[in-house]
Amino acid sequence: MLLNQQIQLSLRMLWRDFRSGELRILAFALIIAVGSVTAVGFFIDRVQQGMESQAAELIAADLVVASPHPLPDNYRQAALTRGLQVVDTVNFRSVILVGEKLQLVEVKAVGNGYPLRGQLRVAPTAFASEAISESIPAAGESWVEARLLQLLHIEPGATVSLGQRMLTINKVLTYEPDRGGDFFSVAPRLLINIDDVAATGLIQTGALVSYRLLIAGKRSDTVDYQGWLTTRIQTGEQLLTVNEGRPELRTALQRAQDFLALASMISVLLAGVAIATSARRFAQRHLDATAMLRCFGAAQRTVISLFGLEMLWLALLASTVGAVLGVLMQVVISQIMDQLFLTNLPLPTLKPLLLGYASGVMLLLGFAMPPLLGLRQVPPLRVLRRDLVGRGVATWQMYLTVVISMGLLLYWQIGQLRMVLFVIGGMMFAVALLTLAAYVLVRVINRLRQSVGVAWRFGLANIARRPGGSVIQIVSFGIGIMVLLLLSTVRTDLLEGWRRSLPNDAPNHFLINVQPDQVDAIQQFFKNEGMAQPLLHPMVRARLVSINDRAVNATDYQDEQAKHLVTREFNLSWSAQPQAGNTIDAGQWWKTTEHGQPLLSLESKLAQTIGVKLHDRVGFDVNGSIVQLKITNLRTVDWDSFKVNFFTVSPPGVLEQYPSSWVTSLYLTAEEKHRLSGLIKQFPNVTIIDIEAIMNRVRAIMDRLALAVEFLFLFTLLAGLAVLYAAIAANLDERRFESAILRTLGARRYLLRRGLIAEFVTLGALAGMLAGTTATALAWVLATQVFHFPYIPQPWITLVGTLVGAVGIGAAGLLGTRQVLQQPPMQTLKRT
C-alpha cells in the first residue's frame, strides 16, 4: 500500500474511531498529559527565571566580566548592540585620611545604574533604619559602612581624603547586593562615584585594581552575549554568572529546581500510565478490525503503519489542544500569582511549548505502540474464530520500550540524570512490587469470598475470576495513588524538611579577620554580653599549585568553573572532627594518631570539578612555602546551614605555623545587633558580615517553591483522574457482558450495584495500601539520596492510602460503570 493511501486510510480510521468513542479516553488522557506538561513547563520556566533573577543579586547583574586590567571597549559595545545594560565598577584598597587618622578601606567606585540586579540600602546614621536607594553617590560624595564611622569616631557629614580627592560622607551603606559572598574584605567599604576615581590619582602602574563590567538584560540576549564573550575572553579575565554566588544560595536554587522537576515528573508518569492503560483497551477492541484488514491482504507492516499513523495524528491533534489548554492554565495561574504572591515574573520561553508537543508524541507512541504492536500477529482466521488473538508483543519488550521512552522524556524535561534514574528505578520497583503483591492478594481474596455476604461474594468473585485484569487494575490504581501520595509527601514532609534545614535561628552574621590572640577575648566579650559564645574556626590563605606533583594551570581545564577555582585562593582550615552537617562520601576521617600528618579532606564537588580523587597529592602555596597534602576523604558540605564550612580541611598540627585568621558564624537578634558597636571598638580589625538579606532570599525561594508545588499538585490530580478513568474503562466491555448475562438470569440491579461497589472498594483498598508503602519508601530514597536531608517515614501514609483508595476508587468505579447497569441486557447481547 502506497504511503499516500496509508495516510488517507489512517485519517479515516482516526475519524471513525473518534466518532465511535474508541479514542475518547486515549485523547482525554493525552490532552490532560500535554496540558499538564505544558502548563507546568511554562510555570517552572517563569519561576526558575524569577529565582535566577534573585540569584543575580549576588553579583548585581546577570553576567560580570572581572579583570585586573581595564576591560576592552568592545566588550561594552557588544553588550550594548544586543540591547543589554552595562555598568562599570572599580575596586581597590587604599587609605583615607581624617585629620591625623589613617584608615585602610575597600574602595568601590560605581557608575550610574549600579546595581543592575538588586538594590542598595542606606541609612542616615549608624544602626538607624535603612531604606532603598534609587541612586549612587554623587561626585564628591561617599557612602561608608557603619564600622568605618566607629573606627574613626566620626559621623555622616564628615570629610575624608582619598588620595588627592576630598569626599563628604553623607550616608551609611547597609547593603550591597554583590558583596554578600565577599567574606574576605580586610577593611570597611567606601562607596564612591566612578567619576571620582581619576581625581584621586591612586590608579597607577602596578596598582592592585579589580575592574568589573556588569551586564544585564533579556535572557536570550545575555546567553548570546555570553557565547560571544567566551571565545574572546583573555588570560586573567573571568566571566562570572549567577552560579558564582554564595554556595548556600546556589544550593538553594538547585534544590528548588529539583523539587519542581520532581513534581513535573510525577504528572508525566501518571499521564503515561493513563495512556498505556487506554491503549491496551484500544488494542483489544481492534482485534476484529485488524483481522478484516488481514483478510483483505494487508501485510503485518501495513497494519502497524496504519495504526502508527493514526496514533501520530491523534498525538498531534491532542497535543495541540493540550498545549492551548496548558497556555491558558499558565496564564490564569500566573495572573493569580502576580496579584497575590509572586510579582514581576518574567515571560516564559518557547521551550515548554516544544516540550509539550514532544511529550505528546513520545507519550503516545512510547506507551500506546507496545500494545498496538500485538495487532500485527492477529490471524485472518479470527473473523471465524473469536478466540484467536495472536501471539502479541513480548511483555519484556513492551516494558523496555515504555521505560526507555519515559526515561528519555524525563531526562529531556529536567536534565537531572540522577533524579531520573532514582524515580524510574523506584517506579519499576514499585510496579514489580505491586504486581507481585496484587497476585498474592487476588489469590487470598479467592479463598475469602465464600465467607462473606452475597454482594461482597459477587464483587470478590469478579476480582478472582479475572486475575490478570484485576492485577492490572490494582497496579494502575496503585501507581496513581502512589504518585499522588508521593507528591503529597513532597508538599509536606520533604519540603518541610528543607525548611527545617534553615531554621529561624540559623546564623545570620559572620565575624572574619579575627586574629589568633583575639579568639579567647572575643568569646569572653559575648559571654559578658549574655550572648551565646561562638565557635571560631582557623583559616589559612593558600593557592593550589600542583596535583600529583604536576603544576596546575587554568589552560588545562575546559570548564570555566574549574578555571576559576584553580586560579583563586583557597581557605585551608584544620579540625579534629568534621563539621556538623558534613558527610563523608569516600575515604575516612583522620584518627587522633594521624594529627600532624599532611592529610586533606576535600569537598566532593570541588574534587570532581578540578579532577582529583582519593589518595591524590595536592600542593598549596602557603605564604611562600609549598605544602603537599594527601587526600584521605571527600565530603558533602551542608551549605544550607549557613554555618562556617570549608572546601579544604587538614588535621591539627599541619598548618598552625602559618599566618592565619579565624572566622565564625552566629545568630544575632535585632536587639543583639546593637551591641556590636562595643565589639567593633574593642576589636577594630574584625569585620562583621550581615547575611540576613541572603538568608531572606533563600527563604523567599522556599516560599515560592512551596506555592509552585501546590499548583503542580492540581495538575497531577488531573492526570490522576485520567489514570482512574482509563483503569475503570479497561474492562468495561467485559463487565457489560457479564452484567447482561446475570440480569438475564434474574439478578437484580441493586445486587449488581452492591457487587460493583464491593469490587472497587476492595481494589481501591488493596491498591492504596500497597501505594502508601511504596510511596513512603520512594520518599525516603529521594530525601536521603537526592535532596540530602533526614527523613522519618510516616506510617500514617499507608493508612491514608488505604482509606483514599477504598473511598475514592469505590465511588469512581461506581460512577464509571453506571452504564453497565443502565444498558438493557438485550442490547448488549445483540452487539456481542
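Residues numbered from 1 in each chain as written. Predicted model: local features only at pLDDT ≥ 70, side-chain atom pairs only at ≥ 80, totals over all residues. Heavy atoms only, no water.

1. Details of the overall build of the protein
Scanning the protein for helices and strands turns up 25 helices and 22 strands. The 832 residues of the protein split such that 53% are buried. Pairs at least 24 apart in sequence give 83% of the contacts found in the protein among residues at least 6 apart. For the protein, the accessible surface area stands at approximately 36800 Å², while carbon and sulfur atoms represent 58% of it. (Helix = DSSP H or I, 4+ residues; strand = E, 2+ residues; numbered from the N terminus. Buried < 20%, exposed > 50% of the residue type's maximum accessible area, 1.4 Å probe, protein only. Contact = heavy atoms within 4.5 Å. Areas by Shrake-Rupley, 256 points an atom, 1.4 Å probe, with all protein chains shown as cover.)

2. A few points about the pattern of salt bridges
Taken as a whole and judged by the stated rule, the model has 10 salt bridges. A salt bridge links R93 to E106; the shortest N-O distance between them is 2.9 Å. With a gap of 13 residues between them, R93 in strand 2 (residues 85–98) and E106 in strand 3 (residues 101–110) connect regions that are remote in the sequence. What you see here is one network of salt bridges that share partners, running through D73, R76 and D88. (Salt bridge = Lys/Arg side-chain N within 4 Å of Asp/Glu carboxyl O.)

3. A word on the packing of aromatic side chains
Per the stated rule, a full pass over the model turns up 6 aromatic pairs. Taking the centre distance of 6.2 Å and the plane angle of 85° together, the rings of W574 and W662 count as edge-to-face. With W574 in strand 15 (residues 569–574) and W662 in strand 21 (residues 661–666), this pair connects stretches of sequence that are 88 residues apart. Classification of W662 as buried rests on a relative accessible area of 18%. Ring centres of W589 and W590 lie 4.2 Å apart, and the angle between their planes is 40°; this geometry places the pair in the tilted category. For W589, a relative accessible area of 16% gives the class buried. (Phe/Tyr/Trp six-rings, centres within 6.5 Å; stacked < 30°, edge-to-face > 60°.)

4. Structural notes on the nonpolar core
By size, the foremost hydrophobic cluster in this structure holds 82 residues, and its most contacted members are I275, M311, L363 and L364. Per element, the largest residue contribution to this core is 12 residues, and it comes from helix 12 (residues 417–448). The contact partners of L364, leaving out residues within four places of it in the chain, are L26, L30, I275, M311, L314, A315 and M369. V540, I547, V612 and L655 belong to the second-largest nonpolar core, a separate cluster that totals 46 residues. (Core = buried A, V, L, I, M, F, W, Y, C linked by side-chain atoms within 4.5 Å.)

5. Some thoughts on a nonpolar patch on the surface
Nonpolar side chains collect at one region of the surface, where V95, L97, L102 and L104 lie side by side and expose about 330 Å² of accessible area between them. Mapped onto the nonpolar patch, the elements with two or more residues apiece are strand 2 and strand 3. (Patch = residues over 30% accessible without salt bridge, like charges linked within 9 Å, V, L, I, M, F, W, Y side chains within 5 Å.)

6. Overview of the pairing of strand 18 (residues 617–622)
When strand 13 (residues 537–547) meets strand 18, the two strands line up antiparallel, connected through 4 bridges. Residue pairing across strands places I547 opposite V618, the latter belonging to strand 18. Bridging between strand 18 and strand 19 (residues 625–636) involves 6 bridges; their strand directions are antiparallel. Its bridge partner being in strand 19, D621 is matched across the sheet by I626. (Pairing = 2+ DSSP bridges.)

7. Details of the environment of E603
Inspection of the secondary structure puts E603 in strand 17 (residues 599–603). Residue classification places E603 among the buried positions, given a relative accessible area of 5%. With residues up to four places along the chain from it excluded, the contact list for E603 reads R635, V637, W639 and F647. One polar contact links the side chain of E603 to the main-chain amide nitrogen of K605, over a distance of 3.1 Å. (Polar contact = N/O pair within 3.5 Å; in protein donor to acceptor, adjacent residues only side chain to side chain.)

8. A look at helix 6 (residues 219–230)
Compared with the 16 Å implied by 1.5 Å per residue over 12 residues, the 16 Å span of helix 6 between its first and last C-alpha is a close match. Residues of helix 6 that are buried include every one of T222, Y225, W228 and L229, and no others. All buried residues of helix 6 lie within an arc of 120° about the axis, which places them on one face of the element. (Expected span 1.5 Å × (residues − 1). Arc of directions from axis to C-beta.)

9. A word on the packing of helix 3 (residues 73–81) against helix 6
Where helix 3 contacts helix 6, the axes come no closer than 10 Å and their chain directions differ by 155°. By the criterion of interaxial angle, the relationship of helix 3 to helix 6 is roughly antiparallel. In this structure, helix 3 meets helix 6 at a crossing whose hand is right-handed. On helix 6, the residues touching N74, Y75, A78 and A79 of helix 3 are Y225, W228 and L229. Class assignment for the residues of the contact of helix 3 with helix 6 results in 6 nonpolar, 1 polar and no charged. (Axes fitted to C-alpha atoms, helices over the stretch in contact; angles between N-to-C directions. Parallel < 35°, antiparallel > 145°, perpendicular 65-115°, else oblique. Left-handed = near helix turned anticlockwise from the far one by under 90°. Nonpolar A, V, L, I, M, F, W, Y, C, P; charged D, E, K, R; others polar.)

10. Some remarks on helix 15 (residues 519–528)
Taken together, the buried positions of helix 15 are occupied by V519, I522, F525 and F526. An end-on view of helix 15 places all buried positions within 120° of arc, on one side of the element. What points out from helix 15, more than 90 degrees from its buried face, is the exposed set D520, K527 and N528. Once helix 15 finishes, G530 follows within two positions and takes phi at roughly 75°, a positive value.

11. Regarding the side chain of S650
You can see S650 is positioned in strand 20 (residues 648–650). At 3.0 Å, the side chain of S650 forms a polar contact with the backbone oxygen of L599.

12. Description of the environment of G99
Relative to the helices and strands, G99 is located in the loop between strand 2 and strand 3. G99 sits in the exposed class, given a relative accessible area of 59%.

13. Here we look at the confidence of the model for the protein
When pLDDT is low, close inspection of the predicted coordinates is not appropriate. In the predicted model, the protein carries a mean pLDDT of 77, and the fraction of residues at 70 or more is 74%. Contacts for the low-pLDDT stretch residues 339–343, under 50 throughout, to residues beyond four places or in other chains number 7 contacts. (pLDDT = per-residue confidence, 0-100.)

14. A closer look at the pairing of strand 13
Counting buried positions along strand 13 gives 8 out of 11 residues, so the element sits mostly inside the fold. Summarising the sheet, strand 13 and strand 21 pair through 3 bridges and their orientation is antiparallel. Opposite H537, over in strand 21, you have V663 as the bridge partner. Where strand 13 meets strand 15, 4 bridges bridge the pair, whose relative direction is antiparallel. Each residue of the ladder has a partner; that of V540, found in strand 15, is L572. Here strand 13 pairs with strand 14 (residues 550–551) via 2 bridges, running antiparallel. Looking at the pairing, S546 lines up with A551 of strand 14.

15. Re unusual backbone geometry
Residue Y114 is joined to P115 through a cis peptide bond whose omega torsion reads -5°. Relative to the helices and strands, P115 is located in the loop between strand 3 and strand 4 (120–123). Positive phi, normally seen in glycine, also occurs at A60, with a value near 60°. Summarising the element assignment, A60 is placed in the loop between helix 2 (24–55) and strand 1 (63–67). Since its relative accessible area comes to 0%, A60 is described here as buried. Of note, H153 is a non-glycine position whose phi angle comes to about 55°, a positive value. By secondary structure assignment, the location of H153 is in the loop between helix 4 (146–152) and strand 7 (159–162).

16. Re the environment of Q234
Mapped onto the fold, Q234 is located in the loop between helix 6 and strand 11 (238–240). Taking relative accessible area as the criterion, Q234 reaches 49% and is therefore assigned partly exposed. With 167 residues separating them in the primary sequence, Q234 and S67 have C-alpha atoms 9.1 Å apart.

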